[in-house]
Amino acid sequence: MRYPRHSVRIARYAVQLFFLILTVYVGWRFSQFVLHFEVPGNPFVPRPSSVDAFLPIGGFMAFKYFILTGIVDPVHPAGFILFVAITGVSLLLWRGFCGWICPVGTVSQYTWMAGEKIFGRTFTVPKGVDAGLRSLKYILLSFFLFIIGVAMAPSMMVLFFITDYYKAVDVRMMKFFTEMSIVSFWVILALFVLSFLYKNFWCRYLCPYGALLGLLGRFSPVSVRRDNEACVHCGACTRHCPTLIDVEASETVTSAECFGCLTCVSRCPSKGALDVHVRKGQKARRISPFLFPLLLVGFFYLVIGIGVATGKWHSKVPYEEYQRILPEVKKEYDSR
Ligand code: SF4
Ligand code: SF4
């Protein structure tokens, strides 16, 4: 059955909006949790564990530690669970996390869309420069893979996990944004301006997590495929692809830049020309584009559910520890 052309895009906007609102809510709850320890009399709000999503490097570290020791980091266990959920989703459903769930990707998308409305267009980086800039995110990824994946021994990690710095690393991350230094302010402003002018500037050129997910996504059995017989060569897929992939010239989209947004599929006017496929041995089977986000969100929450059910979601840092550490962090930031 042919689905209404725009409904895939509407489904994506709905999923993105849900995760964006959730992120804002989690951020607000976390700020209330921190305020309790900083301002006397502020009521206690439990720490939302999903705030660990903002600690992808910690999640990677905890993942390596788990692989080598079988132990889940007790300080930020949700960081580990989310790392497994996000990388697992990418292995199964290519870079769909970036295109549907990641709030940074969503903000990035709405920023260039706003820029497009204001300037009537987005700008493109010359091809040679674009290729060079795209390698930046792989250079950053290699740096983290080396530092954490190779150089850091589990004995070093365990020493790091018990430091006050690591226990409050989520608070420091929050303060990076709420008590920004002048340098950080200008860097973020520059990124924001560039994101207005260029499509997905952060995701395309700088995000090491996106680089990792793009590489993992290459193992995914799911992809967008074009049927040349049904294609009427209108160019709509290529024109609307936010990651500038020439979909019209591809039989199967294999680029690591593709984040599975399915904009191309939703823009295609010709029935059967462009669809989501799942590889099955030598063959590929067409699936509904609505099944893709269902599987994506379903698998993501399945892993989180396993984390919650096995007691590996909430931090084991006791209240008294926060009571000791957080006022110290506040003093440190106040004295800057
Ligand atoms: S190829 Fe299609 S699914 Fe991939 S990023 Fe472009 S529009 Fe989205
Ligand atoms: S949008 Fe569909 S019909 Fe048009 S070029 Fe792409 S695959 Fe072909």
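For the structure itself, look to the data block above.
Attention here is on the structure that accompanies the text.

Each value, and the rule that gives it
Residues numbered from 1 in each chain as written. Chains lettered and ligands numbered in written order. Predicted model: local features only at pLDDT ≥ 70, side-chain atom pairs only at ≥ 80, totals over all residues. Heavy atoms only, no water. Helix = DSSP H or I, 4+ residues; strand = E, 2+ residues; numbered from the N terminus. Buried < 20%, exposed > 50% of the residue type's maximum accessible area, 1.4 Å probe, protein only. Contact = heavy atoms within 4.5 Å. Areas by Shrake-Rupley, 256 points an atom, 1.4 Å probe, with all protein chains shown as cover. Core = buried A, V, L, I, M, F, W, Y, C linked by side-chain atoms within 4.5 Å. Near = heavy atom within 4 Å. Nonpolar A, V, L, I, M, F, W, Y, C, P; charged D, E, K, R; others polar. Phe/Tyr/Trp six-rings, centres within 6.5 Å; stacked < 30°, edge-to-face > 60°. Axes fitted to C-alpha atoms, helices over the stretch in contact; angles between N-to-C directions. Parallel < 35°, antiparallel > 145°, perpendicular 65-115°, else oblique. Pairing = 2+ DSSP bridges. Salt bridge = Lys/Arg side-chain N within 4 Å of Asp/Glu carboxyl O.

### Side note on the overall build of the protein chain
Okay, so step 1: When you go through the protein chain residue by residue, the secondary structure sums to 16 helices and three strands.
Okay, so step 2: Overall size of the protein chain, expressed as C-alpha extent along the three principal axes, is 65 × 45 × 40 Å.
Okay, so step 3: With 336 residues in all, the protein chain has 46% of them scored as buried.
Okay, so step 4: Pairs at least 24 apart in sequence give 78% of the contacts found in the protein chain among residues at least 6 apart.
Okay, so step 5: Entry remark: accessible area of the protein chain is about 17200 Å², with carbon and sulfur atoms responsible for 70%.

### Examining the nonpolar core
Okay, so step 1: F97, V224, V247, L262, L274, F300 and L326 are the most contacted members of the largest nonpolar core, which totals 78 residues.
Okay, so step 2: Per-element tally for this core: the top contributor is helix 3 (residues 77-93), with nine residues.
Okay, so step 3: When near neighbours in sequence (up to four residues on either side) are disregarded, F97 contacts I86, V89, C102, L213, L296 and F300.

### Things to note about the site of ligand 1
Okay, so step 1: Taken together, 13 residues surround ligand 1, and among them C241, C258, C261, L262 and C264 come closest.
Okay, so step 2: When the residues that make up the shell around ligand 1 are grouped by side-chain class, the tally is ten nonpolar, three polar and no charged.

### Notes on the packing of aromatic side chains
The description of an aromatic ring pair rests on the distance of the ring centres and on the angle between the ring planes.
Okay, so step 1: Applying the stated rule across the entire model yields 33 aromatic pairs.
Okay, so step 2: Ring geometry for F201 versus Y205: centroids 5.0 Å apart, planes at 70°, classification edge-to-face. Placement of the pair is F201 and Y205 together in helix 11 (residues 201-206), with a separation of four residues, close to one helical turn.
Okay, so step 3: Take F201: its relative accessible area is 10%, and that puts it in the buried class.
Okay, so step 4: Y205 sits in the buried class, given a relative accessible area of 3%.

### Notes on the packing of helix 6 (residues 127-151) against helix 12 (residues 208-217)
Okay, so step 1: The geometry of helix 6 relative to helix 12 is characterised by a closest axis approach of 8 Å and an angle of 90° between their N-to-C directions. Here helix 12 runs roughly perpendicular to helix 6, going by the angle between their axes. Here helix 6 contributes K137, Y138, L140, L141 and F144 to the contact with helix 12, which in turn contributes P208, A211, L212 and L215.
Okay, so step 2: By residue class, the composition of the contact of helix 6 with helix 12 is eight nonpolar, no polar and one charged.

### Some details on the site of ligand 2
Okay, so step 1: Residues in close proximity to ligand 2 total 13 residues, the closest being C231, C234, G235, C237 and C268.
Okay, so step 2: Looking at the shell around ligand 2, its residues break down into eight nonpolar, three polar and two charged.

### Observations concerning unusual backbone geometry
Okay, so step 1: Phi at W94 takes a positive value of approximately 30°, unusual for a residue other than glycine.
Okay, so step 2: Within the secondary structure layout, W94 lies in the loop between helix 3 and helix 4 (96-101).
Okay, so step 3: Even without being glycine, L262 reaches a positive phi, approximately 65°.
Okay, so step 4: You can see L262 is positioned in the loop between helix 13 (236-240) and helix 14 (263-267).

### Thoughts on the pairing of strand 3 (residues 283-287)
Okay, so step 1: Where strand 2 (residues 274-280) meets strand 3, five bridges bridge the pair, whose relative direction is antiparallel. When the bridges of strand 3 are listed, R279 appears paired with A284.
Okay, so step 2: As consecutive antiparallel partners, strand 2 and strand 3 are separated by two residues, and within that stretch G281 has a phi angle of approximately 65°, a positive value.

### So, the side chain of K137
Okay, so step 1: Tracing the backbone through its elements, the reader meets K137 in helix 6.
Okay, so step 2: Apart from residues no more than four positions distant in its own chain, K137 is found in contact with C203, R204, Y205, L206, C207, P208, A211 and E257.

### With respect to the pattern of salt bridges
Okay, so step 1: In this structure the tally under the stated criterion is 16 salt bridges.
Okay, so step 2: Where R47 meets D52, a salt bridge forms, and the shortest distance between an N and an O atom there is 2.6 Å.
Okay, so step 3: A salt bridge links D275 to R286, with the nearest nitrogen and oxygen atoms 3.4 Å apart. Within this pair, whereas D275 is found in strand 2, its partner R286 is found in strand 3, the two being separated by eleven residues in sequence.
Okay, so step 4: Judged by its relative accessible area of 6%, D275 falls in the buried class.

### Considerations on the environment of F19
Okay, so step 1: Here F19 is to be found in helix 1 (residues 7-38).
Okay, so step 2: The exposure class of F19 is buried, given its relative accessible area of 5%.
Okay, so step 3: In this structure, the C-alpha to C-alpha distance between F19 and P103, residues 84 residues apart in sequence, is 6.4 Å.

### Considering the pairing of strand 2
Each regular strand carries side chains that alternate between the two faces of the sheet.
Okay, so step 1: Bridge count for strand 1 (residues 222-226) against strand 2 is five bridges, and the pairing is antiparallel. If you follow R225 over to strand 2, its bridge partner there is D275.

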